[in-house]
Amino acid sequence: MSGLYSRRAFLLHLGLGTAAAVLLKPSGAGASGLRTTEHPDPRPDIDGSGVLPRNEVEVYGGEVADIYDMVREMPEIADGIGCSCGCSALPGYRSLLTCYHAAGMAMGCAICQGTAKLVHGRWKEGQDLARIRRACDARFG
């Protein structure tokens, strides 16, 4: 019976955690779930030099290293995107670009990685920053 009780307790806690996540959504999200705060303006002459080099993130897998390369390709776009992940609570956080700096957590964060892949794909298609931001807000806002 103790195994069944543990399972019930787990499901109860899981349900309570899910309810709390829905009720206590981030302050940047409105009733629609879309971001209500503005994305940061990209800094003039920003570059990707702060993005961790490939050899430092390859330990997390080739796909992760590829995503870091993607961000390094488009720093002016990544610097104009706010990320909906936990990096935004870290000191020094500014934009999606900083999720990929040493203090960021992009190497293990599905939100950072998903946002970067979405942004990179849209950027490669030639979409402008405003359109890319709307896509990010719709998916991750």
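Structure's up top.
Residues numbered from 1 in each chain as written. Predicted model: local features only at pLDDT ≥ 70, side-chain atom pairs only at ≥ 80, totals over all residues. Heavy atoms only, no water.

Chemist: Quick question: what am I supposed to make of the environment of Ile81 here?
Modeler: Mapped onto the secondary structure, Ile81 falls in the loop between α4 (75–78) and α5 (96–99). Spatially, the C-alpha atoms of Ile81 and Arg94 are 9.0 Å apart, while their sequence positions differ by 13 residues. Excluding its chain neighbours within four sequence positions, the residues that come into contact with Ile81 are His39, Pro40, Tyr93, Ser95, Leu96, Thr115, Val119, Leu129, Ile132, Arg133 and Cys136. (Helix = DSSP H or I, 4+ residues; strand = E, 2+ residues; numbered from the N terminus. Contact = heavy atoms within 4.5 Å.)

Chemist: Help me understand the pattern of salt bridges in this model?
Modeler: For the structure shown, the criterion picks out eight salt bridges. A salt bridge links Arg54 to Asp69, with the shortest nitrogen-to-oxygen separation between them at 2.4 Å. On the criterion of sequence distance, the pair formed by Arg54 in helix α2 (residues 54–57) and Asp69 in helix α3 (residues 62–73) is long-range, its members being 15 residues apart. Of the residues examined, Arg54 reaches a relative accessible area of 27% and is grouped as partly exposed. (Salt bridge = Lys/Arg side-chain N within 4 Å of Asp/Glu carboxyl O. Buried < 20%, exposed > 50% of the residue type's maximum accessible area, 1.4 Å probe, protein only.)

Chemist: Teacher, can you tell me more about the state of the cysteines here?
Modeler: One covalent bond between the sulfur atoms of two cysteine residues makes up a disulfide. Evaluation of the coordinates by the stated rule reveals zero disulfides. With no disulfide of its own, Cys112 lies 3.3 Å from the sulfur of Cys85, the closest cysteine sulfur. Taking relative accessible area as the criterion, Cys112 reaches 0% and is therefore assigned buried. Counting only cysteine sulfurs, Cys83 is the nearest neighbor of Cys136, a cysteine outside any disulfide, at a range of 8.4 Å. What makes Cys136 buried here is its relative accessible area of 2%. (Disulfide = S-S within 2.5 Å.)

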